[in-house]
Amino acid sequence: MATPVKVYGPPVSTAVSRVLACLLEKDVEFQLFSVNIAKGEQKKADFLKIQPFGQVPAFQDESITLFESRAICRYLCDKYIDKGNKELYGTNPLSKASIDQWVEAEGQSFNPPSSALVFQLAFAPRMKIKQDPGLIRQNEQKLAKVLDVYDKRLQESQFLGGDEFTLADLSHLPNTQYLVNATDRANLFGSRKNVERWWDEISSRDSWKKVVDMQKTTA
Ligand SMILES: N[C@@H](CCC(=O)N[C@@H](CS)C(=O)NCC(=O)O)C(=O)O
């Protein structure tokens, strides 16, 4: 029997939850190891051996150690090609290229403004950190422009990469979950008809619902 892969980090972390969603879609057995970010455990010498930047997640599969959530997801899809959702990372060079294009768009265009807003609007108040209204305004404008592009794409296509739910969509779940459910900016998504339809569909997948449950129950 295959040894379960190991994920280090809390499910409330957006990057960790991206990997968890992928593992659940691929039906790959995993063990989750807690890393207390508030206590700075991610900066300890032992952890830096598996994640040299001192961030979560870190990941191990037998002798392989990886960091960077999107790279871990791509690895999982390639290694476990015959398990779980077989469409998750495409089935031919063209579908893979389209998925990669939108995973990159998530990392390069969507993530910077959305993660800044998640921090400012959802985490800063909980951590008793003062919010920066200028930064919030600036990132809200940037995200609105990105979502206008998404709305147009999603008018032509059911999902970002094409006709199937793929890594391209999955990658957007973590930040969007916080923006829609833990801030007062849900309207950024709800005011765009095609984005709203897409969000309703991707956020109701069983894999993502399990991750959200884990966020409520695991430290
Ligand atoms: N690009 C990285 C981002 C990792 C990241 O930013 N992790 C955050 C949590 S979501 C973290 O470890 N924060 C604590 C710190 O930076 O000390 C990935 O996708 O894995």
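Residues numbered from 1 in each chain as written. Predicted model: local features only at pLDDT ≥ 70, side-chain atom pairs only at ≥ 80, totals over all residues. Heavy atoms only, no water.

## Some words on the side chain of serine 114
And then number 1: When you line up the elements, serine 114 lands in helix α4 (residues 93-126).
And then number 2: For serine 114, a relative accessible area of 0% corresponds to the buried category.
And then number 3: A distance of 3.3 Å separates the side chain of serine 114 from the side chain of asparagine 175, its partner in a polar contact.
And then number 4: Discounting chain neighbours no more than four positions away, the residues touching serine 114 are Leu143, Asn175 and Leu179. (Helix = DSSP H or I, 4+ residues; strand = E, 2+ residues; numbered from the N terminus. Buried < 20%, exposed > 50% of the residue type's maximum accessible area, 1.4 Å probe, protein only. Polar contact = N/O pair within 3.5 Å; in protein donor to acceptor, adjacent residues only side chain to side chain. Contact = heavy atoms within 4.5 Å.)

## Quick notes on the nonpolar core
And then number 1: Ranked by size, the top nonpolar core spans 60 residues in total, and within it Leu76, Tyr150, Leu167 and Phe189 carry the most contacts.
And then number 2: The greatest single-element share of this core, amounting to 9 residues, is contributed by α4.
And then number 3: Residue assignment places this core across two domains, with domain 1 (5-86) and domain 2 (93-209) each supplying three or more. (Core = buried A, V, L, I, M, F, W, Y, C linked by side-chain atoms within 4.5 Å. Domains from an automatic or database assignment.)

## Quick notes on the domain arrangement of the protein
And then number 1: Along its sequence, the protein is organised into domain 1 (5-86) and domain 2 (93-209).
And then number 2: Centre-to-centre separation of domain 1 and domain 2, based on C-alpha positions: 21 Å.
And then number 3: Both faces considered, domain 1 and domain 2 share a buried interface measuring about 1300 Å² in area, 54% of it formed by carbon and sulfur atoms.
And then number 4: Where domain 1 meets domain 2, there are 6 salt bridges.
And then number 5: Inspection of the domain 1/domain 2 interface yields 8 residue pairs in polar contact (both at pLDDT 80 or more).
And then number 6: Elements represented by at least two residues in the side of domain 1 that touches domain 2 include exactly α1 (14-26) and α3 (69-79).
And then number 7: When residues in the side of domain 1 that touches domain 2 are grouped by element, the largest group, 7 residues, is from α1.
And then number 8: A breakdown of the residues in the side of domain 1 that touches domain 2 according to their chemical character gives 6 nonpolar, 3 polar and 5 charged. (Buried area = accessible area lost by both parts, 1.4 Å probe. Salt bridge = Lys/Arg side-chain N within 4 Å of Asp/Glu carboxyl O. Nonpolar A, V, L, I, M, F, W, Y, C, P; charged D, E, K, R; others polar.)

## Considering the sheet that holds strand β4 (residues 64-67)
And then number 1: A sheet is described by the order of its strands in space; here 4 strands give the open sequence β2-β1-β3-β4, paired in mixed fashion. Only two strands of the sheet have a single neighbouring strand rather than two, namely β2 (30-33) and β4. Neighbouring strand axes in the sheet, compared pairwise and without regard to direction, differ in orientation by 20 degrees on average.
And then number 2: Two elements, strand β3 (residues 58-61) and β4, share 4 bridges in a ladder whose sense is antiparallel. Directly across from phenylalanine 59, in β4, lies its bridge partner leucine 66.
And then number 3: Contacts from α1 reach β1 (5-8) and β2, with the element oriented near 155 degrees to β1.
And then number 4: Packing against the sheet, α3 makes contact with β3 and β4, and its axis sits at approximately 140 degrees to β4. (Pairing = 2+ DSSP bridges. Axes fitted to C-alpha atoms, helices over the stretch in contact; angles between N-to-C directions.)

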